[in-house]
Amino acid sequence: AQKTECKAQIQVGNLPQIIGKKELIKRVFQNLIENALKFSSKSPSPFISIEVEDLEKEFVFKVKDNGIGIDFKDQKRIFEICNQLHSSKIYAGSGFGLASCKKIIELHNGKIWVSSALHQGSTFYFSLPKNFKKE
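The text that follows walks through the structure, step by step, so that each part is easy to find. (Residues numbered from 1 in each chain as written. Predicted model: local features only at pLDDT ≥ 70, side-chain atom pairs only at ≥ 80, totals over all residues. Heavy atoms only, no water.)

Digging into the packing of aromatic side chains
Following the criterion strictly, the structure yields 6 aromatic pairs and no others. Judged by centre distance (5.8 Å) and plane angle (85°), the rings of phenylalanine 29 and phenylalanine 61 are edge-to-face. On the criterion of sequence distance, the pair formed by phenylalanine 29 in helix H1 (residues 22-38) and phenylalanine 61 in strand E3 (residues 58-65) is long-range, its members being 32 residues apart. The exposure class of phenylalanine 29 is buried, given its relative accessible area of 17%. Centre to centre, the rings of phenylalanine 61 and phenylalanine 126 are 4.9 Å apart; their planes meet at 15°, and the pair counts as stacked. You can see phenylalanine 61 sitting in strand E3 and its partner phenylalanine 126 sitting in strand E5 (residues 122-129), a full 65 residues away along the chain. Ring pairing ties together the aromatic residues Phe29, Phe59, Phe61 and Phe126, which thus form one cluster. The cationic tip of lysine 130 hangs over the ring face of phenylalanine 59; the distance from NZ or CZ to the ring centre is 4.9 Å. (Phe/Tyr/Trp six-rings, centres within 6.5 Å; stacked < 30°, edge-to-face > 60°. Helix = DSSP H or I, 4+ residues; strand = E, 2+ residues; numbered from the N terminus. Buried < 20%, exposed > 50% of the residue type's maximum accessible area, 1.4 Å probe, protein only. Lys NZ or Arg CZ within 6 Å of the ring centre and 35° of its normal.)

See below:
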């Protein structure tokens with residue numbers, strides 16, 4: 001796969017300290033950021049913001065991009081294993097990224113979902129409970 005420089009901007013708000021499996025949570029952020037870059041619109045430059053909402057019993061993280069967006073009818077199936085919406089000839093990938101994010105977040109007793117519209121970017125949300133018990 002050929003890598004090209006995309007001059008993306010990533011804005012990160014104040015993130016809390018959380019309890020969880022470090023490598024797995026890191027993988028969630030990596031997958032969401034990689035997807036945002038992969039499905040970015042080439043003009044304007046890719047922009048990704050990462051924020052969190054501190055609720056009483058959980059944190060809700062928000063990873064927002066200005067990419068190509070996801071049609072509403074496809075939003076449920078993007079979290080299924082090997083369910084790519086786009087041709088692998090156009091967008092490289094295995095189809096495991098979002099499915100693994102879902103598994104990791106559920107392992108931490110959280111939820112993951114998306115809000116998006118075609119040509120209007122996507123916002124991925126995931127919640128993590130404040131009282132997660134590491135095993």
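Here's the deal with H1
Here H1 spans 24 Å end to end across 17 residues, near enough to the 24 Å set by a 1.5 Å rise per residue. Looking at the buried residues of H1, the elements they touch are strand E2 (47-54), E3, helix H2 (97-107) and E5. (Expected span 1.5 Å × (residues − 1). Contact = heavy atoms within 4.5 Å.)

Points about the pattern of salt bridges
Side-chain pairing between opposite charges can occur once the charged atoms of the two side chains come close. Evaluation of the coordinates by the stated rule reveals 3 salt bridges. We note a salt bridge from aspartate 54 to lysine 130, for which the minimum N-O separation is 2.4 Å. Within this pair, whereas aspartate 54 is found in strand E2, its partner lysine 130 is found in the segment after E5, the two being separated by 76 residues in sequence. Two residues, lysine 102 and glutamate 106, come together in a salt bridge whose shortest N-O distance is 3.2 Å. With lysine 102 and glutamate 106 both in helix H2, this residue pair falls 4 residues apart, about one helical turn. (Salt bridge = Lys/Arg side-chain N within 4 Å of Asp/Glu carboxyl O.)

Here we look at the environment of histidine 108
Assignment of secondary structure puts histidine 108 in the loop between H2 and strand E4 (112-116). Classification of histidine 108 as buried rests on a relative accessible area of 1%. The residues contacting histidine 108, other than those within four sequence positions of it, are Ile19, Gly20, Lys21, Leu24, Ile25, Leu128, Pro129 and Phe132. Looking at histidine 108, its side chain comes within polar contact range of the main-chain oxygen of isoleucine 104, at 2.9 Å. (Polar contact = N/O pair within 3.5 Å; in protein donor to acceptor, adjacent residues only side chain to side chain.)

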